[in-house]
Amino acid sequence: MAEILAALRSLMAFHTPPLDALIVPSEDYHQSEYVSDRDKRRQFVSGFTGSAGLALITKTEARLWTDGRYFLQALQQLSDEWQLMRMGEDPPVDAWMSDNLPEEAAIGVDPWCVSVDTAQKWERAFEKKQQKLVQTSSNLVDEVWKNRPPAEINPVIVHPLEFAGRSVAEKLKDLREKLPKENSRGLIITALDEVAWLYNIRGSDVSYCPVVHAFAIVTLNSAFFYVDKRKVSSKVSSSLQENGIEVREYGEVSSDVALLASNQLDKDTGLRSGRNGVCENDKCESEENSNDLTWVDPASCCYALFSKLDAKKVLLQPSPLALAKALKNPVELDGLKNAHIRDGAAVVQYLVWLDKQMQEIYGASGYFLEGKGAGKKRSDNVKLTEVTVSDKLEGFRASKEHFRGLSFPTISSVGPNAAIIHYEPEAETCAELDPDSIYLFDSGAQYLDGTTDITRTVHFGKPSAHEKTCYTSVLKGHIALGNARFPNGTNGPALDILARIPLWKYGLDYRHGTGHGVGSYLYVHEGPHTLSFRQQPRSVPLQVSMTVTDEPGYYEDGSFGIRLENVLVIKEADTEFNFGDKGYLSFEHITWAPYQIKLIDFSLLTPEEIEWLNSYHSKCREILSPFMDKNEQDWLKKATEPVSA
């Protein structure tokens, strides 16, 4: 790490102008949460592998900002040259730079790797001391990264209508109807999942995310797809052309954005920018003049592309595709429900296997009985680790129809590791399973018909009274949120408290949001809505047919962690009254896997909560049994037996 920092500081000194600081964000050219290996620049310079964070390198210091999910992990991974800055506790990066860097400091960043929103926020902070955000002409990290992974040429795949549910033509028509309403002549689409969703394509350019590195521009008459053409077969190219989409090289987006700004991009097609692509006398002229804004999403569009536009003629507002993508159509909803059933079957099969292994190898009392482990392994030749068991879980999923891979790296965590919220085990350093410790696994898969995300926490020995209290409090919050009814227009942060109240009763809490949207064979984390205690400036109200996770937790550093997570679909609620004629909404669970009965302190549950648990378990049994053999069915029957206080 010291060598990397020294090399970067040398480049900073010789840069024109010389840089007082260099910002290394986590994001790629599309502001993605998950990036390909060759775009993990922040990880390369800092050694910190979490998905969220920002590195700042000055002449004498190196600091890393990250959020509460990663505090423990960052402390473990950062070398002595680095100082951890805790988001929400320490000063944010813009305030720190403004206060601690000298007057007129030059602060460098690759403008392709920072959003318009973020860059403008920094520039406002820099005004106080006349500091300057410098757009570097090349990425300085790439210059010192000797063994940077090469770009992969992965094929673009057409996502069939039987899974997408809506045609590209329909989606483009909807989008084009929105442009004139905002006086916009075109939309620059930079978020990878929005490009994939709009054009009904998928790919494998980013691990765990079925997306293609590509940009898109859609105008009233034209549609462009900017991608490495080597990824596009003649068949895929024909499919795109049938929908009026022109395929161009990835790098051409830069010059085309400039053409769009000067209203020359559509001219290449020989069409005038009339609302319907048809000109009557001089009618188009007036429409052209009124539709002169270029629409960019300030959260996902990079500063490099924005800088090619006339700022006075830019519409800076959230992409209309984010909400359209979040509102699942009936085909997508059916697909998601089916995918979660197959996924639930895989999770139960895994638990059946793991229960047997823990008893046979470690002498554990098992999933159902409470008792201390035998104290020593029954077999010295065989051991289960966080990685070997998560590989087994992947195997159960891989046997299911439409499986295409995992949706994120499996969080398979024993004891103290479970307290690391986004823990990612590695074969060389991971822990062995322990019959006397909690085991938390948070995992999901990509299926052609849907994306899944589920967390369960189990114990194969004798949980302590404290562990049971914590687990039951998390379960109570999970049930309370899932059973909520709320009026139309409610934002996610208004409901987040429901999952925390049972924990707050004991003075406990957790440092992450309670829920996120889930894509339809796309990103496992999907906006624009969220369920979080943090007010999100872009968050939209919860609406019918959105997906959202319900995942409260509790983490005791150095000891254990607990999280329970299901995916929910928002639907209309059948309420007795309808105050204010707003209409009321509720949630429907689509995740199916049992909660471990022996971790529950039933004296803390209300009769209604016990009734809900029994009803949910009954549905688990009914829905999953057809996918199981006799042994697995027997185990599931036992795991879902009705309980009483």
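Refer to the preceding data block for the structure.
Bear in mind the structure is a predicted one, so any value in this text is a computation, not a measurement.

Student: What's the story with empty space enclosed by the protein in this structure? I'm lost.
Tutor: One water molecule sets the probe size; rolling that probe over the atoms shows where empty space is left. This model, assessed by the stated rule, comprises four cavities of 30 Å³ or more. Looking at the largest cavity, its volume works out to about 90 Å³. What lines the largest cavity is a set of 14 residues, and nearest its centre among them are Ile 23, Val 24, Pro 25, Asp 110 and Asn 139. Contributing elements (two or more residues each) for the lining of the largest cavity: strand S1 (21-25) and helix H6 (140-144).

Student: Help me understand the environment of Phe 126 in this model?
Tutor: Mapped onto the elements of the fold, Phe 126 is located in helix H5 (residues 116-126). For Phe 126, a relative accessible area of 0% puts it in the buried group. Sequence separation between Phe 126 and Glu 467 is 341 residues, and the spatial gap between their C-alpha atoms is 48 Å. Discounting chain neighbours no more than four positions away, the residues touching Phe 126 are Met 97, Ile 107, Gln 131, Lys 132 and Leu 133.

Student: I tried to follow unusual backbone geometry on my own but got confused; where do I start?
Tutor: A negative phi holds for most residues other than glycine; trans holds for most peptide bonds. A cis amide bond links Thr 16 to the next residue, Pro 17, at an omega of -5°. Relative to the helices and strands, Pro 17 is located in the loop between helix H1 (2-14) and S1. Between Gly 527 and the following residue, Pro 528, the backbone shows a cis peptide bond with an omega angle of 5°. One non-glycine residue, His 402, lies in the positive phi region at around 70°. According to the relative accessible area criterion, His 402 is partly exposed, its value standing at 21%.

Student: When you look at the pairing of strand S24 (residues 547-550) in this model, what are you seeing that I'm missing?
Tutor: On any regular strand, side chains alternate: one points to one face of the sheet, the next to the other face. Of the two faces of S24, the one carrying Thr 547 and Thr 549 and the one carrying Val 548 and Asp 550 are both buried. Where S24 meets strand S27 (residues 566-572), four bridges bridge the pair, whose relative direction is antiparallel. Directly across from Thr 549, in S27, lies its bridge partner Val 567.

Student: Help me understand the pattern of salt bridges, please; the structure alone is not making it clear to me.
Tutor: Where side chains of opposite charge bring their charged atoms close, a pairing between them can arise. Counting across every chain of the model gives 33 salt bridges. Between Asp 193 and Lys 325 there is a salt bridge, with the nearest N and O atoms lying 3.0 Å from each other. Here Asp 193 is found in helix H9 (residues 192-198), whereas its partner Lys 325 is found in helix H14 (residues 320-326), with 132 residues between them in sequence. Accessibility expressed as a relative area gives 7% for Asp 193, which makes it buried. Three or more residues are tied together by salt bridges with common partners; here these are Asp 39, Arg 41, Asp 142 and Arg 148.

Student: What is the right way to read the sheet that holds strand S20 (residues 454-459) from this model?
Tutor: The pairing of strands in a sheet comes from backbone hydrogen bonds and takes either a parallel or an antiparallel form. The strand order across the open sheet formed by three strands is S16-S17-S20, and the pairing between neighbours is antiparallel. Both outer strands of the open sheet, strand S16 (411-414) and S20, are each paired with one neighbouring strand and no more. Neighbouring strand axes in the sheet, compared pairwise and without regard to direction, differ in orientation by 10° on average. Where helix H15 (residues 330-362) meets the sheet, its contacts fall on strand S17 (438-443) and S20, and the angle it forms with S17 comes to roughly 155°.

Student: Help me understand the packing of helix H17 (residues 465-482) against helix H18 (residues 493-504) in this model?
Tutor: In a pair of packed helices, the angle between the axes and the distance between the axes together describe the arrangement. Packing of H17 against H18 leaves a shortest axis separation of 7 Å and a crossing angle of 155°. It follows that H17 is roughly antiparallel to H18 by the angle criterion. Judged by the twist between their axes, the crossing of H17 over H18 is right-handed. Taking contact as the criterion, the partners of Ser 473, Val 474, Lys 476, Gly 477, Ala 480 and Leu 481 in H17 are, on H18, Leu 495, Leu 498, Ala 499, Pro 502 and Leu 503. Across the contact of H17 with H18, the residue classes tally to eight nonpolar, two polar and one charged.

Student: Can you help me understand the environment of Glu 588 in this one?
Tutor: In this fold, Glu 588 is placed in strand S28 (residues 584-589). A C-alpha to C-alpha distance of 27 Å links Glu 588 and Pro 160, two positions 428 residues apart in sequence. Apart from the residues within four sequence positions on either side, Glu 588 is in contact with Lys 337, Val 567, Leu 568, Val 569 and Lys 571. Of the polar contacts made by the side chain of Glu 588, one reaches the side chain of Lys 337; its length is 3.4 Å.

Student: Explanation requested: helix H19 (residues 607-624) in the structure shown.
Tutor: For an α-helix, 3.6 residues make a turn, and residues three or four places apart therefore share a direction. Its 18 residues give H19 an end-to-end C-alpha distance of 26 Å, which sits within 8% of 26 Å, the value for a rise of 1.5 Å per residue. On its buried face, H19 is in contact with H15, S20, H17, S27, S28 and helix H20 (630-639).

What counts as what
- Residues numbered from 1 in each chain as written.
- Predicted model: local features only at pLDDT ≥ 70, side-chain atom pairs only at ≥ 80, totals over all residues.
- Heavy atoms only, no water.
- 1 Å grid on protein atoms, 1.4 Å probe; cavity = no way out; pocket = protein on both sides within 12 Å on 5 of 7 lines; lining within 4 Å.
- Points joined across faces, edges and corners; volume = space filled by probe spheres on them.
- Helix = DSSP H or I, 4+ residues; strand = E, 2+ residues; numbered from the N terminus.
- Buried < 20%, exposed > 50% of the residue type's maximum accessible area, 1.4 Å probe, protein only.
- Contact = heavy atoms within 4.5 Å.
- Pairing = 2+ DSSP bridges.
- Salt bridge = Lys/Arg side-chain N within 4 Å of Asp/Glu carboxyl O.
- Axes fitted to C-alpha atoms, helices over the stretch in contact; angles between N-to-C directions.
- Parallel < 35°, antiparallel > 145°, perpendicular 65-115°, else oblique.
- Left-handed = near helix turned anticlockwise from the far one by under 90°.
- Nonpolar A, V, L, I, M, F, W, Y, C, P; charged D, E, K, R; others polar.
- Polar contact = N/O pair within 3.5 Å; in protein donor to acceptor, adjacent residues only side chain to side chain.
- Expected span 1.5 Å × (residues − 1).

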